[in-house]
Amino acid sequence: MIGQNILKIRKAKGLTLSELAERAKVSKSYLSNIERNLKQNPSIQVMEKLAFVLDVELNMLLEEDGKKHHLSDQEWVDFVDELKKSGLRKEQLREYKTILEFIKWRNEYISSENSR
């Protein structure tokens, strides 16, 4: 999914694999492995670099078939259960909320800078 999105956007932007790898400062072989879905979980840092070079929001690379994935109520319950099992306490959610707010702000800032 991620690899297909990157490949589709890269080609739409007219970039070769080598060009994208060079501009994003990731190895060509690593990028090739991502695009061919041999590397299933690339780091968020690599994904951010690719999104920046491709001039798209990070979520565009992560969305399934270019569509936003909405969690069902049960998926939310399962997600919270997994957080609890991992040892996350309710009080710690504030830290995560702050991080998410920062990411949202940064994405909006980058988007507004790119539209200038």
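Keep in mind it's a predicted model, so treat the numbers as computed, not measured. (Residues numbered from 1 in each chain as written. Predicted model: local features only at pLDDT ≥ 70, side-chain atom pairs only at ≥ 80, totals over all residues. Heavy atoms only, no water.)

### Section: the overall build of the chain
Step number 1: Along the chain, the regular secondary structure elements total seven helices and zero strands.
Step number 2: Counting helices and strands in the order they occur from the N terminus, the chain gives α-α-α-α-α-α-α.
Step number 3: C-alpha atoms of the chain, sized along the principal axes, occupy 45 × 35 × 25 Å.
Step number 4: Split into buried and exposed, the 116 residues of the chain put 23% on the buried side.
Step number 5: Partitioning the intrachain contacts of the chain with sequence separation of at least 6 by distance along the chain shows that 58% fall at a separation of at least 24.
Step number 6: Carbon and sulfur atoms make up 54% of the accessible area of the chain, which totals about 8,800 Å².
Step number 7: Measuring between centres, the 21 positive side-chain charges of the chain sit 4 Å from its 19 negative side-chain charges. (Helix = DSSP H or I, 4+ residues; strand = E, 2+ residues; numbered from the N terminus. Buried < 20%, exposed > 50% of the residue type's maximum accessible area, 1.4 Å probe, protein only. Contact = heavy atoms within 4.5 Å. Areas by Shrake-Rupley, 256 points an atom, 1.4 Å probe, with all protein chains shown as cover. Lys, Arg positive; Asp, Glu negative; His and termini not counted. Charge placed at Lys NZ, Arg CZ, Asp CG, Glu CD.)

### Section: unusual backbone geometry
What is expected of a backbone is that most residues other than glycine have negative phi and most peptide bonds are trans.
Step number 1: Despite not being glycine, Lys 25 has its phi angle at roughly 60 degrees, a positive value.
Step number 2: Positionally, Lys 25 belongs in the loop between helix H2 (17-24) and helix H3 (28-35).
Step number 3: Not every positive phi belongs to a glycine, and Asp 55 is a case in point at roughly 60 degrees.
Step number 4: Counting through the fold element by element, Asp 55 comes out in the loop between helix H4 (44-54) and helix H5 (58-62).
Step number 5: Overall, the relative accessible area of 43% leaves Asp 55 in the partly exposed class.

### With respect to the nonpolar core
Step number 1: Membership of the largest hydrophobic core comes to 19 residues, with the highest contact counts inside it found for Ile 6, Leu 31, Leu 50, Leu 54 and Leu 61.
Step number 2: Elements represented by at least two residues in this core include exactly helix H1 (2-12), H2, H3, H4 and H5.
Step number 3: When residues of this core are assigned to their parent elements, the largest contribution, five residues, is made by H4.
Step number 4: Excluding residues within four positions of it along the chain, Leu 54 makes contact with Ile 6, Ile 9, Arg 10, Lys 13, Leu 15, Leu 20 and Leu 61. (Core = buried A, V, L, I, M, F, W, Y, C linked by side-chain atoms within 4.5 Å.)

### What to know about the confidence of the model for the chain
Step number 1: For the chain, per-residue confidence averages 84 on the pLDDT scale, and residues scoring 70 or more make up 91% of the total.
Step number 2: Summarising per-element confidence for the chain, the mean pLDDT is lowest in helix H7 (residues 93-114) (77) and highest in H2 (97). (pLDDT = per-residue confidence, 0-100.)

### Description of H3
Given 3.6 residues to a turn, an α-helix orients residues that are three or four positions apart in the same direction.
Step number 1: Taken together, the buried positions of H3 are Leu 31, Ser 32, Ile 34 and Glu 35. Across the axial projection of H3, the buried residues extend over an arc of 160 degrees, all falling on one side.
Step number 2: The inward-facing, buried residues of H3 contact H1, H2 and H4.
Step number 3: Asn 37, located one to two residues past H3, shows a positive phi value of around 60 degrees. (Arc of directions from axis to C-beta.)

### Concerning the packing of H1 against H4
Step number 1: Where H1 contacts H4, the axes come no closer than 11 Å and their chain directions differ by 20 degrees. Classified by the angle their axes make, H1 and H4 are roughly parallel. Read as a crossing pair, H1 and H4 show a hand that is left-handed. Where H1 approaches H4, its residues Ile 2, Ile 6, Ile 9 and Arg 10 are matched on the opposing element by Met 47, Leu 50 and Leu 54. (Axes fitted to C-alpha atoms, helices over the stretch in contact; angles between N-to-C directions. Parallel < 35°, antiparallel > 145°, perpendicular 65-115°, else oblique. Left-handed = near helix turned anticlockwise from the far one by under 90°.)

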